[in-house]
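Structural characterization, general
Chain by chain, the residues:
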Amino acid sequence: ARLDASPGETGAGMVLGTPEFMSPEQASAEELDGRSDLYALGIVAYHALTGTLPFTGPAHAVLAKHLTQPAAPSGTLARGAPRSLTDAIDRCLEKVPDARFATGEALADALEPGRDRAVEVPVPVRVFLDRRRMVVTLLPFGVVAANGAGLAASFMAHGQTWAVPIAVGGGALVGLGGPLAIVLYRLRRLLQHGYGREDIVLGLRRAFDRRREEFQYEFGAEPTLREKAFGVAGKVGLAGGAAALASLLVVHGGATPVLAGGAFAGLYVGTIGTMFSRKWNRLRHGTSSMWTGFWSGSVGERLVRMAGFRLGHRAVPADRPTELAIAMSAESIFTTLPRALRDQLGDVPAVLHELEAHARLARCRIEEIDASIAEVQHGRGASVAGSAARHDALVADLGAQRSVADTRLGDLVTALENVRLDLLRLRSGGGTVEGVTRDIEAARRVGDDADRLIAGASAVEALLRPVTPLPTANQ
């Protein structure tokens, strides 16, 4: 790397390069080898993962920091990233070359364990879904509900019916408002780390699947006596509590405290019994949990919108597909622009979401074609010689369709990146609103073309597939 204004030849003792990415030995003009490249690569990974550079400032100050100051551990800035990834990056940034990886192959081996963690629930999502935290969140509601019921019964016993709505309303405000504020605060932190409602639902489903396996292993395939007893207790308790509550509304005098206590006890036992009974029933029959339905429904969607109000910058998790990472980054840049510029550009986030959705469909299409190719190739191994040519032709046609989907996915990712770079230039004062608008319109056309071509490819594949199974060697 050199400056455009330089003569093109390196003079004796001259150090050329980008200071922020120079290894200590390069900064001090010592002899270099591949480990210096690994240091620079570590800084690239550090920047990509955390969004910041280890050292910034004037060139001479940055070079001095490379020589004397350790970089902040990447794991402290990229919370939830795989430990193997952050450890590998930090090792690349060791000051002494011998302390780094000896070769690129050694670095690749160190990164390999992190690939297997892609199927796990990310740490920020696991923390958000921690059941102990959920219990603490709902505790104020339970306390206020119990006290509110007793207070309302006391008011009714003394004939102060006008105070009952006030007690119920105040209890609801405190009992529901407190947990809601806590949930929104924790949800907002999760959104800032780059995760959303889909990650919550996915985490709940995986946790439910794990609990279901454990439950069925521990208690067997048939309902136990405990489950039946809780089911009966739930029905009887709710029925008895409701009857006592109805009687309380029409009966006054000495029986009021007894009826109030019976209503509270019945409803309490019925609620607990019903909750456990339904939970065990879901675990036994393999349906999703109650919380999964909550977060995947309209209430969960509204909570996410409330928590995301004026959210600002969002981190981009390392396990995101390329198109989603670029779209999130571009949206984050857009939110930092002055209000006047945002008004001139229009609803850029909607365009980014639309392009990301097109890219996601293209990626799904590629996965479908790969599965179809694998299925056809599997069938070819058991086919007679006369149908082998048909299998080969079908694989070739599917391969052509995959190439089309691959190209379209690349076009969409490129279009997203063009918009992101335009927004970066605009924020730094080097771009124009017209240039961004032009690229957004071009990106929209790419998205529309991709949808049409992928839909056409799906129709072609449906026509190419044989209506009946191909004959096998045993037929």
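Residues numbered from 1 in each chain as written. Predicted model: local features only at pLDDT ≥ 70, side-chain atom pairs only at ≥ 80, totals over all residues. Heavy atoms only, no water.

1. Notes on the overall build of the protein chain
Helix and strand counts for the protein chain stand at 19 helices and 0 strands. The long-range fraction of contacts in the protein chain, counting pairs at least 24 apart against all pairs at least 6 apart in sequence, stands at 71%. For the protein chain, the accessible surface area stands at approximately 27400 Å², while carbon and sulfur atoms represent 60% of it. (Helix = DSSP H or I, 4+ residues; strand = E, 2+ residues; numbered from the N terminus. Contact = heavy atoms within 4.5 Å. Areas by Shrake-Rupley, 256 points an atom, 1.4 Å probe, with all protein chains shown as cover.)

2. Quick notes on unusual backbone geometry
With a phi angle near 60 degrees, Ala29 is a residue other than glycine that sits in the positive phi range. The topology assignment puts Ala29 in the loop between α1 (24-27) and α2 (34-50).

3. Observations regarding the packing of aromatic side chains
This model, assessed by the stated rule, comprises 8 aromatic pairs. Ring centres of Phe294 and Trp295 lie 5.3 Å apart, and the angle between their planes is 90 degrees; this geometry places the pair in the edge-to-face category. Given a relative accessible area of 2%, Trp295 falls into the buried group. We note Arg91 situated over the ring of Phe101; from NZ or CZ to the ring centre the distance is 4.3 Å. Over the ring of Trp280 we find Arg226, and its NZ or CZ is 3.9 Å from the ring centre. (Phe/Tyr/Trp six-rings, centres within 6.5 Å; stacked < 30°, edge-to-face > 60°. Buried < 20%, exposed > 50% of the residue type's maximum accessible area, 1.4 Å probe, protein only. Lys NZ or Arg CZ within 6 Å of the ring centre and 35° of its normal.)

4. Description of the nonpolar core
Ranked by internal contacts, the top residues of the largest apolar core, which has 28 residues, are Leu337, Leu345, Val348, Leu352, Leu423 and Leu426. Mapped onto this core, the elements with two or more residues apiece are α15 (322-336), α16 (339-345), α17 (348-380), α18 (385-428) and α19 (433-464). In terms of residue count, α18 provides more of this core than any other element does, 9 residues in total. Core analysis: the second largest hydrophobic core is formed by 18 residues, Leu129, Ile200, Val201 and Leu204 among them. (Core = buried A, V, L, I, M, F, W, Y, C linked by side-chain atoms within 4.5 Å.)

5. Notes on a nonpolar patch on the surface
Together, Phe264, Tyr268 and Val269 give the surface a local cluster of nonpolar side chains, amounting to about 310 Å² of exposed area. The topology assignment puts Phe264 in helix α12 (residues 256-285). A residue is classified by how much of its surface remains accessible, and Phe264, at 44% relative accessible area, is partly exposed. (Patch = residues over 30% accessible without salt bridge, like charges linked within 9 Å, V, L, I, M, F, W, Y side chains within 5 Å. Salt bridge = Lys/Arg side-chain N within 4 Å of Asp/Glu carboxyl O.)

6. Quick look at the packing of α2 against helix α5 (residues 83-92)
The relative placement of two packed helices is expressed as an angle between their axes plus a distance between the axes. Contact pair α2 / α5: the axes reach a minimum separation of 8 Å and the direction vectors enclose 135 degrees. The orientation of α2 relative to α5 falls into the category oblique. The chirality of how α2 crosses α5 is left-handed. Touching Leu38, Tyr39, Gly42, Ala45, Tyr46 and Leu49 of α2 are Leu85, Thr86, Ile89 and Cys92, all from α5. Counted by class, the contact of α2 with α5 contains 8 nonpolar, 2 polar and no charged residues. (Axes fitted to C-alpha atoms, helices over the stretch in contact; angles between N-to-C directions. Parallel < 35°, antiparallel > 145°, perpendicular 65-115°, else oblique. Left-handed = near helix turned anticlockwise from the far one by under 90°. Nonpolar A, V, L, I, M, F, W, Y, C, P; charged D, E, K, R; others polar.)

7. Comments concerning the pattern of salt bridges
Counted according to the given criterion, the structure contains 13 salt bridges. Notably, a salt bridge pairs Glu356 with Arg360, separated by 2.7 Å at the nearest N-O pair. Of this pair, Glu356 and Arg360 both sit in helix α17, 4 residues apart, which is roughly one turn of that helix. In this structure, Glu417 and Arg420 form a salt bridge, with 2.8 Å as the shortest nitrogen-oxygen distance. Residue Glu417 and its partner Arg420 are both found in helix α18; the two are separated by 3 residues, about one turn of the helix. On the basis of relative accessible area, Glu417 is assigned to the partly exposed category, the value being 22%.

8. Concerning the environment of Val419
The topology assignment puts Val419 in helix α18. In this structure the C-alpha to C-alpha distance between Val419 and Ile326, which are 93 residues apart in sequence, comes to 9.4 Å. Each residue touching Val419, except ones within four places of it in the same chain, is listed here: Leu352, Asp439, Ile440 and Ala443.

9. Remarks on the confidence of the model for the protein chain
Of all residues in the protein chain, 74% attain a pLDDT of 70 or more, and the chain-wide mean is 78. No element of the protein chain has a lower mean pLDDT than helix α8 (residues 131-157), which averages 59, and none a higher one than α2, which averages 93. Predicted confidence is poor over residues 6-13, with pLDDT under 50, and the contacts of this stretch with residues over four places away or in other chains come to 2 contacts. Confidence drops under a pLDDT of 50 for residues 466-475, and excluding neighbours within four residues, the segment shows 15 contacts in the predicted structure. (pLDDT = per-residue confidence, 0-100.)

10. What to know about the environment of Ala443
By the secondary structure assignment, Ala443 is in helix α19. On the basis of relative accessible area, Ala443 is assigned to the buried category, the value being 1%. Each C-alpha atom of the pair Ala443 and Glu417 lies 9.8 Å from the other, and the pair is 26 residues apart in sequence. Ignoring anything within four residues of it in the chain, the contact list for Ala443 reads Leu355, Ala415 and Val419.

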